[in-house]
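Inside the fold
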Amino acid sequence: MSSTTKNVRSGAAEPLDAIDERLLAALVADARISNKQLAELVGIAPSTALMRTRALSERGIIQGFEAKLSLAAVGRSVQALIAVRLRAHDREQIDRFTARVPKLPAVLSTFHTSGSVDYLLHIAVATTEDLRDWVLDNLATDPVVGHTETTLVFDHIQGNHGPLPD
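On a predicted model such as this, the values are computed, not experimentally measured, just so you know. Starting afresh in each chain, residues are numbered from 1 along the sequence in its written order. With pLDDT at 70 or above as the cut-off, local features in this predicted model cover only qualifying residues; side-chain atom pairs require 80 or more to be listed or tallied, and sums for whole chains, interfaces and linings still use all residues. Here the side-chain values reflect all heavy atoms present in the structure, with hydrogen atoms and water set aside.

1. Overview of the overall build of the protein
Looking only at helices and strands, one finds 5 helices and 6 strands in the protein. The order of helices and strands in the protein, counted from the N terminus, is β-β-α-α-α-β-α-β-β-α-β. Throughout this description, buried means an accessible area under 20% of the type-specific maximum (1.4 Å probe, protein chains only), exposed means over 50%, and partly exposed covers the range between. Relative to its 166 residues, the protein shows a buried fraction of 30%. Taking the contacts inside the protein whose residues are at least 6 apart along the sequence as the reference set, 63% of them involve residues at least 24 apart. All accessible areas in this document rest on Shrake-Rupley with a 1.4 Å probe, and a residue is counted as covered only by the protein chains that are shown. Summed over its atoms, the accessible surface of the protein is roughly 10,700 Å², and 55% of this surface lies on carbon and sulfur atoms. Secondary structure elements are defined from DSSP: runs of H or I of at least 4 residues count as helices, runs of E of at least 2 residues count as strands, and each element is numbered from the N terminus. Residue contacts follow a heavy-atom distance rule, with two residues in contact if any of their heavy atoms lie within 4.5 Å.

2. Here we look at the packing of helix H1 (residues 18–29) against helix H3 (residues 46–58)
The angle between two axes is taken between their N-to-C directions and runs from 0 to 180 degrees, where each axis is a line fitted to C-alpha atoms and a helix contributes only its stretch in contact. Remark: H1 packs on H3, axes separated minimally by 11 Å, with the N-to-C direction vectors making an angle of 85°. Our classification of the angle between H1 and H3 gives roughly perpendicular. Residues Ile19, Asp20, Leu23, Leu24 and Leu27 of H1 form the contact with H3, whose own contacting residues are Ala49, Arg52, Thr53 and Leu56. Our angle categories are set so that under 35 degrees counts as roughly parallel, over 145 as roughly antiparallel, 65 to 115 as roughly perpendicular, and the remainder as oblique.

3. Digging into the pattern of salt bridges
Any two side chains of opposite charge can pair, on the condition that their charged atoms come close. A pair is scored as a salt bridge if a Lys or Arg side-chain nitrogen falls within 4 Å of a carboxyl oxygen belonging to Asp or Glu. Inspection of every chain in the model, using the stated rule, returns 9 salt bridges. The closest approach of N and O atoms between aspartate 17 and arginine 52, which form a salt bridge, is 3.0 Å. Of the two residues, aspartate 17 is situated in the loop between strand E2 (13–15) and H1 and arginine 52 in helix H3; the sequence distance between them amounts to 35 residues. We classify aspartate 17 as partly exposed; its relative accessible area is 31%. Measuring nitrogen to oxygen at the nearest pair gives 3.9 Å for the salt bridge that ties glutamate 40 to lysine 36. Of the two residues, glutamate 40 and lysine 36 are both situated in helix H2 (residues 35–42); the distance of 4 residues between them amounts to about one turn of the helix. With respect to burial, glutamate 40 and lysine 36 carry one shared label: exposed.

Encoded structure:
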């Protein structure tokens with residue numbers, strides 16, 4: 001990880017020291033680790049671990065903790081990446097699209113991109129029929145959307161979720 005990280009709220013660069021980096025690495029490996037175990041692993045007092053973890057959250061470096069679900073186990077085994085090109089590129093249409101689409105229940109991730117497409121959506125639904133209906137109901141009928149291209153995902157292989165090595 002870089003020795004400095006940009007503060008999300010103030011825009012100022014604040015350095016991460018070795019303890020911060022060890023805390024982050026431990027939390028990325030196991031976000032459910034107890035504060036006592038975290039402190040022991042990093043070699044600091046539990047009160048210090050708690051204070052530093054809170055500070056990392058307040059600085060916007062830790063953005064949250066979440067449960068990772070098996071999509072197949074919750075009935076959403078069909079995943080797709082959908083490339084979306086908007087008809088026009090005015091702020092009103094972009095804001096309307098980005099306010100609506102990421103909140104749709106099937107959407108796992110929304111990427112606003114450069115290049116030949118404007119957005120890349122990662123969605124998960126129960127069946128290929130549901131996928132077709134989702135695209136028709138949420139994209140094809142949206143007057144902001146000019147073109148879509150859907151790619152089925154055979155397997156989603158997770159990458160690194162946290163600090164990158166120097």
